[in-house]
Amino acid sequence: MEIYSFGQRLIREAGQFIRNRMTEAYTIDKKTNPNDLVTDVDKETERFIANRIQEKYSDHQLIGEEYKEHSIENTDGVVWVIDPIDGTINFVHQRANFTISIGVFIDGKPHVGLILDVMNDVLYHAHAGHGAFIDDSRLPQLKQTVMEESLIGLNPKWMLKSGIGEPFMDVARQCRQTRSYGSAALEFAYVAAGRLEGTIFFRLSPWDFAAGIVLIEEVGGVVTNALGDPLSILKKDSVIAGNTNVHQSIQTAFSNNEAFVKHRQDSYHI
Ligand code: IPD
Ligand code: CA
Ligand code: CA
Ligand code: CA
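Residues numbered from 1 in each chain as written. Chains lettered and ligands numbered in written order. Predicted model: local features only at pLDDT ≥ 70, side-chain atom pairs only at ≥ 80, totals over all residues. Heavy atoms only, no water.

You'll find the protein chain entered in an unreviewed UniProt entry as inositol-phosphate phosphatase, with Aliicoccus persicus given as the organism. In its Cofactor (unreviewed entry) section, UniProt records this for the protein chain: "Mg(2+)". According to UniProt, the comment filed for the protein chain under the heading Catalytic activity (unreviewed entry) is "a myo-inositol phosphate + H2O = myo-inositol + phosphate". (UniProt positions renumbered as here; feature names shortened; annotations may be inferred.)

What follows deals with the environment of Q144. With respect to the helices and strands, the residue Q144 is situated in the loop between β9 (137–138) and β10 (151–153). Taking the relative accessible area as the measure of exposure, Q144 reaches 43% and is therefore partly exposed. Sequence separation between Q144 and E197 is 53 residues, and the spatial gap between their C-alpha atoms is 8.5 Å. With residues up to four places along the chain from it excluded, the contact list for Q144 reads N243, T244 and N245. There is a polar contact of 3.3 Å between the side chain of Q144 and the side chain of T244. Within the structure, Q144 has its side chain in polar contact with the backbone nitrogen of N245 (distance 2.9 Å). (Helix = DSSP H or I, 4+ residues; strand = E, 2+ residues; numbered from the N terminus. Buried < 20%, exposed > 50% of the residue type's maximum accessible area, 1.4 Å probe, protein only. Contact = heavy atoms within 4.5 Å. Polar contact = N/O pair within 3.5 Å; in protein donor to acceptor, adjacent residues only side chain to side chain.)

According to UniProt, the "binding site: Mg(2+)" (unreviewed entry) feature falls on E65, D83, I85, D86 and D208. The named residues occupy 144 residues along the chain; their greatest pairwise C-alpha distance, 9.7 Å, places them in one compact cluster. Structurally, I85 can be placed in strand β4 (residues 78–86). Here I85 falls in the buried class, since its relative accessible area comes to 1%. If we skip the residues at most four places from it in the chain, I85 touches I18, V41, D42, E65, F91, F98 and T99. Its place among the elements puts D208 in helix α6 (residues 206–218). Apart from residues lying up to four places away in sequence, D208 is in contact with D83, D86, S101, A184, A185 and F188. Looking at D208, its side chain comes within polar contact range of the main-chain nitrogen of S205, at 2.8 Å.

Turning to the site of ligand 1, a few remarks are in order. Lining the immediate surroundings of ligand 1 are E65, D83, I85, D86, G87, T88, G182, S183, A184, F201, L204 and D208. In the model, an oxygen atom of ligand 1 is placed 3.2 Å from a nitrogen or oxygen of the E65 side chain. Between ligand 1 and the protein, one listed contact pairs an oxygen atom with a backbone N or O atom of S183 at 3.4 Å. Counting residues per element, the ones that place at least two in the shell around ligand 1 are β4 and β12 (198–204). Here the shell around ligand 1 is composed, by residue class, of 4 nonpolar, 4 polar and 4 charged. (Near = heavy atom within 4 Å. Nonpolar A, V, L, I, M, F, W, Y, C, P; charged D, E, K, R; others polar.)

The next subject is the side chain of N225. As for its placement among the helices and strands, N225 is situated in the loop between β13 (222–224) and β14 (237–242). Engagement of the side chain of N225 in a polar contact is seen with the backbone nitrogen of L227, the distance being 2.9 Å. Non-local contacts of N225, meaning those with residues more than four positions away in its chain, are made with L231, D237, S238, V239, I240 and R264.

In this section: the pairing of β12. The buried count for β12 comes to 6 of 7 residues, which makes it a mostly enclosed element. One ladder, built from 2 bridges, connects β10 with β12; its direction is parallel. Pairing of I152 across the sheet is with G198, part of β12. (Pairing = 2+ DSSP bridges.)

What follows deals with unusual backbone geometry. Apart from glycine, the bulk of residues carry a negative phi angle, and the bulk of peptide bonds sit in the trans form. Backbone geometry at D107 places phi at a positive 50 degrees, although glycine is not the residue there. Looking at the secondary structure, you find D107 in the loop between β5 (99–106) and β6 (109–117). In this structure, D121 takes a positive phi of about 50 degrees despite not being glycine. Since its relative accessible area comes to 30%, D121 is described here as partly exposed.

Written out as structure tokens, the structure is:
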């Protein structure tokens, strides 16, 4: 319980840190490609969060997106998985619609999930076995839905990728409508809150999905990779999340697609 309440205070303080920092200038850099942005604020916020955790819990492990030294080799003990800004493109272009995502795992098992919608200061939070909440309101268990009546998080860019676009189109055809919010963690929070019935992403990193797993599982939802295998906080993977029915329908669309299954075997972890 102490980690949970400390984490909630910390993520709110980090949100305030970002909102204050946004009143001053910051630099925008490109990482692996021209659309992979990072700012001083991403880096400073990760340092802010990591320093606080290390001051309080010197024996905990830590993974974060922006610093190589924030990485781990095993999942032993308490591991904090941090995305200081999830949705950096939204942060830069919109100055809104981005989150801080913090997941805490103990010996590889989900323990606490915290996703802060920074500009609205709304916190989605869960403690394994104790339920999930938006601020002070407890979230109900997810309802089962059919694809035809489901709203699905899906980035249309993935449909354009050769070899793997087809199952995305299949999901888009089956569902009522698609949405793409630009922050994976925000979409996971929306699935937990029943605002999306499911969502799908490729090549996410542990800091994108760690907190989301805790929140969604706490309301009876399912989170796996595209072929239905469990996720690990040690590696990148594709992610499907949703209520049980919707999760199964999306997984079937991917598992039945031979080109996708082969592509996955042959190349990177998608
Ligand atoms: C990104 C966002 C985006 C997802 C990308 C992530 P970042 O995280 O979650 O929605 O599609 O795959 O990398 O880089 O803004 O922290
Ligand atoms: Ca990034
Ligand atoms: Ca991210
Ligand atoms: Ca990030």
